[in-house]
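Fold and contact review
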Amino acid sequence: MYNKDTDKGVLAIILGGGKGTRLFPLTKERSKPAVSFGGKYRIVDIPISNCINSGFKKIYLLTQFNSASLHMHISNSYNFDRFSQGFVEILAAEQTLEHESWYEGTADAVRKNHIHFRSQHPTHYIILSGDQLYRMDLRAFMEAHLRSGADVTIATTAVNRRDASGFGIMKIDADNRITEFMEKPAHDLNIDEWKIPPLARGALPPEKEYLASMGIYIFNAPVMDEVLNNDYTDFGKEIIPMAIGNKKIYSYIFDGYWEDIGTIRSFYDANIELTTIHPAFNFYDEDEPIYTHMRNLPPSKINSAQINATLTSEGCVITESCLNNSVIGVRSVINSGSELDGVIIMGADFYENDAAKAENQAAGIPNIGIGKNCRIARTIIDKNAHVGDNCSINVSGNHYDDGDHGIFYVADGIVVIRKGAIVPSGTVI
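Now for a description of the structure that goes with this document.

About the thresholds
Residues numbered from 1 in each chain as written. Predicted model: local features only at pLDDT ≥ 70, side-chain atom pairs only at ≥ 80, totals over all residues. Heavy atoms only, no water. Helix = DSSP H or I, 4+ residues; strand = E, 2+ residues; numbered from the N terminus. Rg over C-alpha atoms; globule rule 2.2 N^0.38 Å. Buried < 20%, exposed > 50% of the residue type's maximum accessible area, 1.4 Å probe, protein only. Areas by Shrake-Rupley, 256 points an atom, 1.4 Å probe, with all protein chains shown as cover. Lys, Arg positive; Asp, Glu negative; His and termini not counted. Charge placed at Lys NZ, Arg CZ, Asp CG, Glu CD. 1 Å grid on protein atoms, 1.4 Å probe; cavity = no way out; pocket = protein on both sides within 12 Å on 5 of 7 lines; lining within 4 Å. Points joined across faces, edges and corners; volume = space filled by probe spheres on them. Nonpolar A, V, L, I, M, F, W, Y, C, P; charged D, E, K, R; others polar. Polar contact = N/O pair within 3.5 Å; in protein donor to acceptor, adjacent residues only side chain to side chain. Contact = heavy atoms within 4.5 Å. Arc of directions from axis to C-beta. Core = buried A, V, L, I, M, F, W, Y, C linked by side-chain atoms within 4.5 Å. Pairing = 2+ DSSP bridges. Phe/Tyr/Trp six-rings, centres within 6.5 Å; stacked < 30°, edge-to-face > 60°. Lys NZ or Arg CZ within 6 Å of the ring centre and 35° of its normal.

Regarding its fold elements, the chain presents 11 helices and 29 strands. Its C-alpha atoms give the chain a radius of gyration of 23 Å, near enough to 22 Å, the size a compact globule of 429 residues would have. Projected onto the principal axes, the alpha-carbon positions of the chain cover approximately 70 × 50 × 40 Å. Expressed as a percentage of its 429 residues, the buried residues of the chain come to 53%. Entry remark: accessible area of the chain is about 19,400 Å², with carbon and sulfur atoms responsible for 47%. Each charge class in the chain was averaged separately, 40 positive and 53 negative side chains, and the resulting centres sit 2 Å apart.

Okay, here's the thing in structure tokens:
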């Protein structure tokens, strides 16, 4: 059973994901876990903070695409003292005498780093995704795993029939043991036999009748060694279905907020939802904080602005503007007369000094930030963007097909201004 020594044997492995094509262009120059979220955080801060708050401080992060920004964030944010024996370490894809290829899937990524994990003499592995928004007590997850005597435990969330077609679906018995797995059942397929048993439902919403895998797992270390002794590359599609027949695999039903923010639409909606009075994901939790880079920035300066249901990060300068249902990132500069509604500004990596501003002016380039008298709605503005005066973005009624349009990109009606983009004064998008 669980005791104080259990934590020492647990390795947390956060999967950094692939190319992040569904989050493009936010992933053009950075990996998915490194994308800014909630004004001052990165997506990767969510799973790392869940681990730290649960007492699991041996954390590996597996990456291979555009990892420079992520490396810098991790090195600046997570430095444990020498007595805690904790660490957050990035393991990027590498060529060795045994493996010359890149990660080919979630299981393949873990397999290729097994040599690093074994040196920690783990008893258990917790596998986490790097692009999900949730707050989970991973210690309670581990306790349930140990109580059940499982070889593998999969965190699951209840979904309705419509959403079930987008997930791997689990069939469980009355004891929460998983008996079958189905990958993304077709919408017209009858899966009534896969409904959650009444004894396992608890207080789940009545319309949510099926269990979907969250892509979060606990493996006993010897079992992990065994199930990876093959050429299978993916946990969800191959390893788990193969293991169900000969291993004790249980479901841990998670009934809290959980959102996959791997698309532009889901990422946008999750950010804007943070601005509501009672957001589903709460950053204001004294007992379970979300950790990130301590930047030592000055407080934000608000010069006669009207701000409603908006998050403003540190180091901003906002002058005579109207902000509504927006998320404003660090070092954002918003000039007088501008109106923002449903806008995510990721801020800037630096302040422009007088020399840089003079150089911009000579070249006809706006300064970093939002110029005067702009009207912007339902837009994501990536870092270090230069938006000039009198710009109109996503408020003119113009329709753009999803895809690349030069300095901006469109996905599900959401305009994304690229990182470092120059939007000349008077631009209408």
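Here the focus is the layout of surface pockets. Looking at the second largest pocket, its volume works out to about 520 Å³. Along its surface, the second largest pocket is lined by 24 residues, and N335, K357, P366, N367 and I368 are the ones closest to its centre. Put simply, the parts of the chain that give the lining of the second largest pocket at least two residues each are α11 (354–363) and β22 (369–370). For the lining of the second largest pocket, the element with the highest residue contribution is α11, accounting for 3 residues. In terms of residue class, the lining of the second largest pocket is made up of 10 nonpolar, 9 polar and 5 charged.

By the element assignment, H145 lies in helix α5 (residues 138–148). For H145, a relative accessible area of 1% puts it in the buried group. A polar atom in the side chain of H145 sits 2.6 Å from the side chain of T153. If near-sequence neighbours (up to four positions away) are discounted, H145 is found in contact with H124, A150, D151, V152, T153, I218 and N220.

It is worth spelling out helix α2 (residues 68–77) at this point. Along α2, the residues that are buried comprise L70, H73, I74 and S77. Each buried residue of α2 sits inside an arc of 95 degrees when the element is viewed along its axis, so together they form one side. In α2, those exposed residues whose orientation departs by more than 90 degrees from the buried face are A68 and M72. Looking at the buried side of α2, the elements it contacts are β3 (41–42), α1 (45–53), β4 (58–63) and β5 (87–92).

Turning to the nonpolar core, a few remarks are in order. Membership of the largest hydrophobic core comes to 39 residues, with the highest contact counts inside it found for L62, V110, F117, Y125, I127, F219 and F235. The biggest single contributor to this core is helix α9 (residues 235–244), with 5 residues. Counting residues in each nonpolar core, the second largest holds 31 residues, with V10, A34, F56 and Y134 among its members.

Our focus in this paragraph is the pairing of strand β9 (residues 168–172). The buried fraction of β9 amounts to 5 of the 5 residues, a majority that puts the element mostly inside the structure. The two faces of β9 match: G168, M170 and I172 on one face and I169 and K171 on the other face are all buried. When β9 meets strand β10 (residues 178–183), the two strands line up antiparallel, connected through 5 bridges. In the sheet register, I169 faces β10, and the bridge partner there is M182. Remark: 5 residues form the turn of the hairpin made by β9 and β10, two consecutive strands paired antiparallel; N176 in that turn has positive phi of roughly 75 degrees.

A word on empty space enclosed by the protein. Taken as a whole and assessed by the stated rule, the structure comprises 3 cavities of 30 Å³ or more. Within this model, the largest cavity holds a volume of roughly 80 Å³. Where the lining of the largest cavity is concerned, the elements lending two or more residues are β20 (333–334) and β22. Residue composition of the lining of the largest cavity, grouped by class: 8 nonpolar, 4 polar and 3 charged.

What the rule picks out here adds up to 14 aromatic pairs. Here the aromatic cluster, defined as three or more aromatic residues joined through ring pairs, consists of F37, Y41, F267, F281 and F283. When the ring centre of Y41 is taken as reference, the NZ or CZ atom of K40 above it lies at 5.7 Å. The lysine or arginine in question, R135, covers the ring of F281, its NZ or CZ lying 5.0 Å from the ring centre.

Here we come to the environment of I393. Position of I393 relative to the elements: it lies in strand β25 (residues 392–393). The spacing of I393 and S300 is 93 residues in sequence and 25 Å in space, taken between C-alpha atoms. Residues within four places of I393 in sequence aside, it is in contact with R375, I376, A377, T379, V387, V415, I417 and I429.

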